[in-house]
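Structural characterization, general
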Amino acid sequence: MWRKLRSALRRLRGFSGAFFAGGDCRLPAAMERAVVRCVPSEPKLSLRFVLPDGSAKHMQRDQAEPLGRALARIATNAAKGPAKVGKKNKKARADGGPAGEAAVVAMPAVRLFSSDGEVVAEEVPNAAAWLDGAVLQIGDAQYRVERNPPALTELQLPRSLLAGFPVCPKVSAEFAAPQHCLFRWYREQRPGAGEEAAASGDGPAWVEAAAERVFTPSNALVGLRLKLQCTPVDGAQRYGPPREVESSGPVEAGPGACTFDSRHLYTKKVCGEASIRTVSYNILADIYAQTEFSRTVLYPYCAPYALELDYRQNLLKKELAGYSADLICLQEVDKSVFVDSLAPALDAFGLEGLFKIKEKQHEGLATFYRRDKFSLLTQHDIAFGEALLSDPLHKELCDKLAKYPLVWEKVLQRSSVLQVSVLQSTTNPSRKICVANTHLYWHPKGGNIRLIQIAVALSHMKHVACDLYPSIPIIFCGDFNSTPSSGTYTFINSGAIAEDHEDWVSNGEEERSNISLCHPFKLLSACGEPAYTNYVGGFHGCLDYIFIDKNALEVEQVIPLPSHEEVTTHQALPSVSHPSDHIALVCDLKWK
């Protein structure tokens, strides 16, 4: 692979093909690059090249402008360098230097040739003239045009590196996809180790460690820093300039056994084409974990460093990657965590991510799907309060709620959202599925509010899965903040809720709202009713579910939850071996 890369990089620096200029076929030993960036959505294109005198030029030209004007401007720029030299010589003569006429600076001939050697007409628009493989001639200098070559725009490593945990770089590229890029990992050479290493100036010597996108350092690398070199590559196997990044700190020792290690024994491989491995997980938002209340009241048993975001992200990325899932629905996802950590990491494992932020919050929902199994057709995300106010779908519910202004106001104040994605099978386009993800109101006395929220959710999903895409099955994941004995669970599971259910007075008589509700789905909790999915010092119970359309899907296997001994090894969750106060639900589903 790296022999191919070195060969390609040599091609970037030189050009060995024939070049036609006025009938003269020349074979230049090396041809400089003229890099053109031309994007249809932008009015201008940019052109970068280095003149023979060493001066770098960066020009912005209108895409619709005739080529001749751009060439004339290049000629003017090229003449400026020699003109400055001529002025210096003239000044030297005025100060007693050799007498004589000042050199007359001739404007160099500037032409653009197509890849087959034909002169490009000056009236051709810039956007159509500056094509990949064209040759720019400025006087005697020749430049090979590279249009939209691959380039890295961002390369970052996580701040925290743990032995035994995958290091997933954040890679952003223009005109290239991260999965096509080439990665080369190095680790610091230990002093006096006698290893073959490449020194970097006055910095440390580095030893090559791996050539893969995701690198998992071993215990032998504890105490050493890492370096990553990334070379962007596009689908046409064009190579861009490489970039390097060094870790800010050394690899540290990991926590040893984690609660999810034994679960990974069931999920070593991605499941078959007809199956869908699904994960639902409240990952504990950093904005809730990093408060004084969390450290002293909610999770006083948890070591402070284990509540820090960088530490928890190491555990979370290893846990999620190890499930080899096709669908992952996450709740309490900080926006920055999605953008900077989870999306880049799971992209490296073949998963595409979608994010929906809560109103007036810094956290929200994320849905990931396996790219080689599914493609995204449409998204239908809503905020419950906004949907109630503006969507005619919910008019009947609104009319009922109008009789209960206290409840109505509380529902509108909540920031809860619903993420709905319609996916299509890449191997069997007739198979489509509606994937929903939510996180309902949290308050223990908010059963009445949760009933309204779930009614809005199911009504919206009915519109998507019955009206827009008739008869497609649904998978409904989330943290429902509802135990199996609650009205919300009963409503989802049975299809109806009576107006006299006790949850309508969950917050007292003043908020009583006697409303009967129903929905058309036949839903089943794929993972059953575990003893708990949330385990903290003051509470444990089952709050999270993966509901499936039992007419179209069936459960193939449920990945066992961690044992009670594993969960309570460090008293409760989160802990040094578990990144959240919730436990992920994981199951394999298959089409009936």
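This write-up is about the structure you can find in this document. (Residues numbered from 1 in each chain as written. Predicted model: local features only at pLDDT ≥ 70, side-chain atom pairs only at ≥ 80, totals over all residues. Heavy atoms only, no water.)

**A short note on the overall build of the chain**
Within the chain one finds 14 helices and 32 strands. In the chain, which comprises 592 residues, the proportion classed as buried is 51%. As displayed, the chain offers around 26500 Å² of accessible surface, 52% of which is attributable to carbon and sulfur atoms. (Helix = DSSP H or I, 4+ residues; strand = E, 2+ residues; numbered from the N terminus. Buried < 20%, exposed > 50% of the residue type's maximum accessible area, 1.4 Å probe, protein only. Areas by Shrake-Rupley, 256 points an atom, 1.4 Å probe, with all protein chains shown as cover.)

**Comments concerning a nonpolar patch on the surface**
A cluster of nonpolar residues, Phe293, Val297 and Leu298, forms a patch on the protein surface that exposes about 270 Å² of accessible area. Positionally, Leu298 belongs in helix α6 (residues 292–298). Using a relative accessible area of 36% as the deciding quantity, one classes Leu298 as partly exposed. (Patch = residues over 30% accessible without salt bridge, like charges linked within 9 Å, V, L, I, M, F, W, Y side chains within 5 Å. Salt bridge = Lys/Arg side-chain N within 4 Å of Asp/Glu carboxyl O.)

**Quick look at the nonpolar core**
Grouped burial of nonpolar side chains is what soluble globular proteins tend to show. Of all hydrophobic cores here, the largest spans 45 residues; its most connected members are Leu418, Ile454, Leu458, Met461 and Phe476. At eleven residues, the largest contribution of residues to this core is made by helix α12 (residues 447–468). Not counting residues within four places of it along the chain, the set of residues in contact with Ile454 comprises Leu440, Phe476, Phe480, Thr488, Phe491 and Ile492. In terms of nonpolar packing, the next biggest core, distinct from the first, is built from 42 residues, Tyr281, Ile283, Tyr299 and Leu307 among them. (Core = buried A, V, L, I, M, F, W, Y, C linked by side-chain atoms within 4.5 Å. Contact = heavy atoms within 4.5 Å.)

**Side note on the sheet that holds strand β19 (residues 363–370)**
Spatially, six strands are ordered β18-β19-β17-β16-β32-β31 in an open sheet, and the strand pairing comes out mixed. Strands at the two margins of the open sheet, each flanked by one partner only, are β18 (351–357) and β31 (553–558). Strand-to-strand twist across the sheet, computed as the mean angle between neighbouring axes with direction ignored, equals 25 degrees. When strand β16 (residues 275–282) meets strand β17 (residues 327–334), the two strands line up parallel, connected through five bridges. Of the residues in β17, the one forming a bridge with Ser280 is Cys329. (Pairing = 2+ DSSP bridges. Axes fitted to C-alpha atoms, helices over the stretch in contact; angles between N-to-C directions.)

**What about the side chain of Gln419?**
Locating Gln419 in the fold gives a position in strand β22 (residues 417–425). Gln419 sits in the buried class, given a relative accessible area of 0%. In this structure the side chain of Gln419 is engaged in a polar contact, spanning 2.7 Å, whose partner is the side chain of Thr367. Residue contacts for Gln419: discarding those within four places in its chain leaves Leu354, Phe355, Lys356, Leu365, Ala366, Thr367, Asp381, Val435, Ala436 and Asn437. (Polar contact = N/O pair within 3.5 Å; in protein donor to acceptor, adjacent residues only side chain to side chain.)

**Details of α12**
Along its 22 residues, α12 runs 30 Å from first to last C-alpha, staying within 8% of the 32 Å computed at 1.5 Å per residue. Burial analysis of α12 places 16 of its 22 residues in the buried class, the great majority of the element. (Expected span 1.5 Å × (residues − 1).)

**Things to note about the pattern of salt bridges**
All told, the structure shown has 26 salt bridges when counted by the stated rule. As a salt-bridge pair, Arg370 and Asp326 come within 3.4 Å of each other at their nearest N and O atoms. Residue Arg370 is located in strand β19, and its partner Asp326 is located in the loop between α7 (309–322) and β17; the two are separated by 44 residues in the primary sequence. A relative accessible area of 0% means that Asp326 is categorised as buried. Where Glu396 meets Lys400, a salt bridge forms, and the shortest distance between an N and an O atom there is 3.8 Å. Taken together, the residues Glu396 and Lys400, both in helix α10 (residues 395–401) and four residues apart, mark about one turn of the helix.

**Some details on the environment of Ala128**
Its location among the elements puts Ala128 in helix α3 (residues 126–129). For Ala128, a relative accessible area of 43% translates into the label partly exposed. Residues Ala128 and Cys38 lie 90 residues apart in sequence; the distance between their C-alpha atoms is 9.9 Å.

**Focus on the environment of Leu389**
As for its placement among the helices and strands, Leu389 is situated in helix α9 (residues 384–390). For Leu389, a relative accessible area of 58% translates into the label exposed. C-alpha of Leu389 to C-alpha of Leu412: the two residues are 23 residues apart in sequence and 8.5 Å apart in space. Here Leu389 is in contact with Trp408 and Leu412, once residues within four sequence places are set aside.

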